[in-house]
Amino acid sequence: MIPMAKNYYDILGVDKKATKDDVKKAFRKLAQKYHPDKGGDETKFKEITEAYSVLGDEKRRREYDTYGQSFQGGGGNPFEGFDFSGFQQGGMEFDLGDIFGDLFGGRGPRQRRGRDISIDIEVSFKESIQGGTRQVLITKIGKCDICSGSGAKPGTELESCKTCNGAGRVHESRNSILGAFSSVRTCPTCEGSGKVPKEECKNCAGRGVLRKEEEIKITIPAGIDGGEMIRMPGLGEAAKGGVPGDLYVKVHVKPHAVFKKQGLNLTMEMPLKLTDALLGTSVSVTTIDDKTLEVKVPPMTAPEQTLRIRNKGVNVDGRAGDLLIHLSAAFPKKLSGKAKKLVEELRSESL
């Protein structure tokens, strides 16, 4: 069974229009109530702190409102990279991200994860129907190609980090608004790897990652609608000693001069002369795949009637929609004397 996505607004008991201060106040009240050291529910405490790690940060909140819970990429410490410095007591500031870090997924630090990024692309209507590929050049934090992300000069070795003695994490004890806490955090020197280069890579200054341009190949699925997102796991920004984030591609579809999309069906408008609607006719229609069809319009076709051409719509995973042709009567702007006389004769026939 697929788990239901969490509604962080409901968890904190705030409205989607709540201000940052409203969110902070709601979290502090619930944190006091459910903290495990005060006899509270640890599961509930984890849930509200996870919700605040998203809604209390403007960028993460925007991403959550746009993409839902999936933007986090799943797993990991929800406080990774989050700024809790707004909490003060007695003139002292507390980093609640560190305080709560050991409550999520065990007592050790979680593997670092790169930042998710998003881009927008525009595709033609035909590409959105048939699918295709697109090459884009983006600038992001990526793994250093010279040292392969190790941060060490090629040909040199790594050595044990002296700050954490190779453990990749350091222990800290501190007081907070919720009492005294002992926490485990990622070592700031080796960033959790437990190793540091004896000689730093000159290309990335020992960081293992750097900002660079990268060409990305995007596969556009057939039948995609404008505004939909394509998630590309692992193509976001890199993190030294960790896993990269994801790339989200928002697709914008150019309107077509003839066709519109309705689910798997394609629709088009076709005006008919009055004589063709009465007597019937045959018209040529160019489909979305540039093929020409001869479509027969039966005699006495009423205005606003729709002709259905089977299997000429959107084809996705073996399912094909139809082409719907909406017919309408095109009235002439002016009648010649001869045409007017003929229409008068039709009126005498009660037509």
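**A look at the confidence of the model for the protein**
Step number 1: Averaged over the protein, the pLDDT score is 82; the fraction of residues at 70 or greater is 83%.
Step number 2: Note on residues 71–95: pLDDT is under 50 here. Beyond four places in sequence and across chains, it has 65 contacts.

**A word on helix 8 (residues 337–348)**
Step number 1: When the terminal C-alpha atoms of helix 8 are compared, their 17 Å separation across 12 residues agrees well with the 16 Å that a helix rising 1.5 Å per residue should span.
Step number 2: Of all 12 residues that make up helix 8, zero are buried, and the element is exposed over most of its length.

**Quick look at the state of the cysteines**
Here, disulfide denotes a covalent bond that connects the sulfur atoms of two cysteines.
Step number 1: Taken as a whole and assessed by the stated rule, the structure comprises zero disulfides.
Step number 2: Among the cysteines around Cys 144, which has no disulfide bond, Cys 147 carries the closest sulfur, lying 3.7 Å off.
Step number 3: Assessed through its relative accessible area of 1%, Cys 144 is described here as buried.
Step number 4: Take Cys 187: it sits in no disulfide, and the sulfur closest to it among the cysteines is that of Cys 190, at 3.7 Å.

**Some details on helix 3 (residues 42–55)**
Step number 1: Given a rise of 1.5 Å per residue, 14 residues ought to cover 20 Å, and the 20 Å separating the end C-alpha atoms of helix 3 matches this to within 8%.
Step number 2: Listing the buried residues of helix 3 in full gives Phe 45, Ile 48, Thr 49, Glu 50, Ala 51, Tyr 52, Ser 53, Val 54 and Leu 55.

**Comments concerning the pairing of strand 11 (residues 247–253)**
Step number 1: Pairing between strand 3 (residues 117–123) and strand 11: seven bridges, direction parallel. The partner of Ser 118 across the bridge, within strand 11, is Tyr 248.
Step number 2: The pairing of strand 10 (residues 229–232) with strand 11 spans four bridges and is antiparallel. The partner of Met 232 across the bridge, within strand 11, is Leu 247.

**Remarks on the sheet that holds strand 3**
Step number 1: Strand order across the open sheet formed by three strands is 3-11-10, with mixed pairing between neighbours. Lying at the two open borders of the sheet, with one neighbouring strand each, are strand 3 and strand 10. With direction set aside, neighbouring strand axes in the sheet form an average angle of 25°.

**Some remarks on the packing of aromatic side chains**
Step number 1: The full count for this structure, using the stated rule, is three aromatic pairs.
Step number 2: Judged by centre distance (4.8 Å) and plane angle (35°), the rings of Tyr 8 and Tyr 64 are tilted. Placement of the pair is Tyr 8 in helix 1 (residues 8–12) and Tyr 64 in helix 4 (residues 58–67), with a sequence separation of 56 residues.
Step number 3: Classification of Tyr 8 as buried rests on a relative accessible area of 0%.
Step number 4: By relative accessible area, which is 9% here, Tyr 64 ends up buried.
Step number 5: The interplanar angle of 10° and the centroid separation of 4.5 Å between the aromatic rings of Phe 27 and Tyr 52 together place this pair among those described as stacked. In this pair, Phe 27 is assigned in helix 2 (residues 20–34) and Tyr 52 in helix 3, connecting sequence segments 25 residues apart. An identical accessibility class is assigned to Phe 27 and Tyr 52; each is buried.
Step number 6: Following the ring pairs from residue to residue traces out a cluster consisting of Tyr 8, Tyr 9 and Tyr 64.

**Describing the packing of helix 2 against helix 3**
Step number 1: Interhelical geometry of helix 2 versus helix 3 gives an angle of 165° and a closest axis separation of 9 Å. Accordingly, the angle class assigned to the pair helix 2 and helix 3 is roughly antiparallel. Two packed elements cross with a definite hand, and for helix 2 against helix 3 that hand is left-handed. Across from Val 23, Lys 24, Phe 27, Leu 30, Ala 31 and Tyr 34 in helix 2, the residues of helix 3 making contact are Glu 42, Lys 44, Phe 45, Ile 48, Thr 49, Tyr 52 and Leu 55.
Step number 2: Class assignment for the residues of the contact of helix 2 with helix 3 results in nine nonpolar, one polar and three charged.

**A closer look at the environment of Ala 152**
Step number 1: By the secondary structure assignment, Ala 152 is in the loop between strand 4 (132–143) and strand 5 (158–160).
Step number 2: Sequence spacing of Ala 152 and Lys 202 is 50 residues, and the spatial spacing of their C-alpha atoms is 8.5 Å.

**Observations regarding the pattern of salt bridges**
Step number 1: For the structure on display, the rule yields 16 salt bridges.
Step number 2: Residues Glu 42 and Lys 46 are paired through a salt bridge, measuring 3.7 Å at the closest nitrogen-oxygen approach. Note that Glu 42 and Lys 46 are positioned in helix 3 at a spacing of four residues, about one turn of the helix.
Step number 3: What makes Lys 46 partly exposed here is its relative accessible area of 28%.
Step number 4: Measuring nitrogen to oxygen at the nearest pair gives 3.3 Å for the salt bridge that ties Arg 115 to Glu 237. Placement of the pair is Arg 115 in the loop between helix 5 (96–101) and strand 3 and Glu 237 in the loop between strand 10 and strand 11, with a sequence separation of 122 residues.
Step number 5: Residue classification places Glu 237 among the buried positions, given a relative accessible area of 7%.
Step number 6: Linked through salt bridges whose partners overlap, the residues forming this network are Arg 113, Asp 116, Arg 231 and Asp 246.

Criteria and thresholds
- Residues numbered from 1 in each chain as written.
- Predicted model: local features only at pLDDT ≥ 70, side-chain atom pairs only at ≥ 80, totals over all residues.
- Heavy atoms only, no water.
- pLDDT = per-residue confidence, 0-100.
- Contact = heavy atoms within 4.5 Å.
- Helix = DSSP H or I, 4+ residues; strand = E, 2+ residues; numbered from the N terminus.
- Expected span 1.5 Å × (residues − 1).
- Buried < 20%, exposed > 50% of the residue type's maximum accessible area, 1.4 Å probe, protein only.
- Disulfide = S-S within 2.5 Å.
- Pairing = 2+ DSSP bridges.
- Axes fitted to C-alpha atoms, helices over the stretch in contact; angles between N-to-C directions.
- Phe/Tyr/Trp six-rings, centres within 6.5 Å; stacked < 30°, edge-to-face > 60°.
- Parallel < 35°, antiparallel > 145°, perpendicular 65-115°, else oblique.
- Left-handed = near helix turned anticlockwise from the far one by under 90°.
- Nonpolar A, V, L, I, M, F, W, Y, C, P; charged D, E, K, R; others polar.
- Salt bridge = Lys/Arg side-chain N within 4 Å of Asp/Glu carboxyl O.

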